[in-house]
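Given next are the chains, with one letter for each unit.
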Amino acid sequence: MSSQSIYYYEGETEKALITALKRGKLIPQGKTKKFNFWQKEASVITRSINKSDVLYIVFDTDVMGIIERNRFIKNIESLCRSVKEVHLLAHHENLEDELVFVCSKRNSLKLFEDFYNTKNCDEFKSGFIKESNLLKKLNDNSFNINKLWSKQDVYSGYLSGIKTNKKITKGV
């Protein structure tokens, strides 16, 4: 059975970003699937993945209660027994905050204004999802791929229960 990459995302803005990055060959090619590891049990998806698969889990870090934290850690541990590799791709809080960091913006309002001349998060998200050339829009806003998903402090704090090993990588 051949290895495949699968990107799991929480929301449609993450899907748009992943699709644009794959199209631009900035990240490995692979399938994209919506799944929230904070809210659902990974056993739901383990039947659809193979031992040889490589998973990329893109996730927000802004809303984490103790129950969600424990579920997330349990899910990651479960996935590690089911696949070749798991790459954890943590946002700086949420996707908007991640883009503020990656595009070197002052704050989210500056991000919204520079991308779509709005101060509204919902309008920003709508424009981001509908963007016909998202990679160009990102590059026009000083997008730095090397900063993307580089957040590490969450693993030494709230998610310290997740240990790096040969199957778990924190980042791409």
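It should be noted that the structure appears before, not after, this text.
These figures come from a predicted structure and were not determined experimentally. (Residues numbered from 1 in each chain as written. Predicted model: local features only at pLDDT ≥ 70, side-chain atom pairs only at ≥ 80, totals over all residues. Heavy atoms only, no water.)

K.L.:
Just to check I follow, could you spell out the pairing of strand β4 (residues 85–90) for this structure?
P.N.:
It is a general feature of regular strands that their side chains alternate between the two faces of the sheet. The element β4 is largely enclosed, with a buried count of five among its six residues. Direction of pairing for strand β3 (residues 54–59) relative to β4: parallel, over a ladder of six bridges. From the neighbouring strand, Ile57 faces β4, where its bridge partner is Leu88. Handedness of the β-α-β unit built from β3, helix α3 (residues 66–80) and β4 comes out right-handed. (Buried < 20%, exposed > 50% of the residue type's maximum accessible area, 1.4 Å probe, protein only. Helix = DSSP H or I, 4+ residues; strand = E, 2+ residues; numbered from the N terminus. Pairing = 2+ DSSP bridges. Right-handed = clockwise from strand over helix to strand, strands pointing away.)

K.L.:
Where do I start with the side chain of Thr13 in this structure?
P.N.:
By the element assignment, Thr13 lies in helix α1 (residues 12–23). Accessibility expressed as a relative area gives 7% for Thr13, which makes it buried. Leaving out residues up to four positions away in the same chain, Thr13 has contacts with Leu95, Glu96, Lys125, Phe128 and Ile129. (Contact = heavy atoms within 4.5 Å.)

K.L.:
Mind showing me how you'd approach the state of the cysteines here?
P.N.:
Cysteine pairs can be covalently joined through their sulfur atoms, and such a bond is termed a disulfide. Under the definition given, this model contains zero disulfides. Lacking any disulfide linkage, Cys103 is separated from the closest cysteine sulfur, that of Cys121, by 15 Å. On the basis of relative accessible area, Cys121 is assigned to the partly exposed category, the value being 28%. (Disulfide = S-S within 2.5 Å.)

K.L.:
Can you walk me through the pattern of salt bridges in this structure?
P.N.:
Pairs can form between side chains of opposite charge whenever their charged atoms are close. For the coordinates displayed, the defined rule picks out eight salt bridges. A salt bridge links Asp114 to Lys105; its shortest N-O distance comes to 2.8 Å. The partner of Glu113 in a salt bridge is Lys119, and the shortest N-O contact between them spans 3.5 Å. Assessed through its relative accessible area of 35%, Glu113 is described here as partly exposed. Through salt bridges with shared partners, a single ionic network connects Glu41, Arg71 and Lys74. (Salt bridge = Lys/Arg side-chain N within 4 Å of Asp/Glu carboxyl O.)

K.L.:
Please clarify how the nonpolar core should be interpreted in this entry.
P.N.:
Most often, soluble globular proteins keep nonpolar side chains buried together rather than apart. Residues Leu17, Leu21, Leu99, Phe128, Leu138, Phe143 and Trp149 are the most contacted members of the largest nonpolar core, which totals 28 residues. For this core, the elements supplying multiple residues, two or more each, are β1 (5–9), α1, β3, α4 (95–102), α5 (108–116), α6 (121–130) and α7 (134–140). Broken down by element, this core gets its largest block of residues, five residues, from α1. Excluding residues that lie within four positions of it along the chain, Phe143 makes contacts with Leu21, Leu99, Val102, Cys103, Leu138 and Leu148. One finds Tyr8, Phe72, Cys80 and Ile168 within the second-largest nonpolar core, a separate group that totals 23 residues. (Core = buried A, V, L, I, M, F, W, Y, C linked by side-chain atoms within 4.5 Å.)

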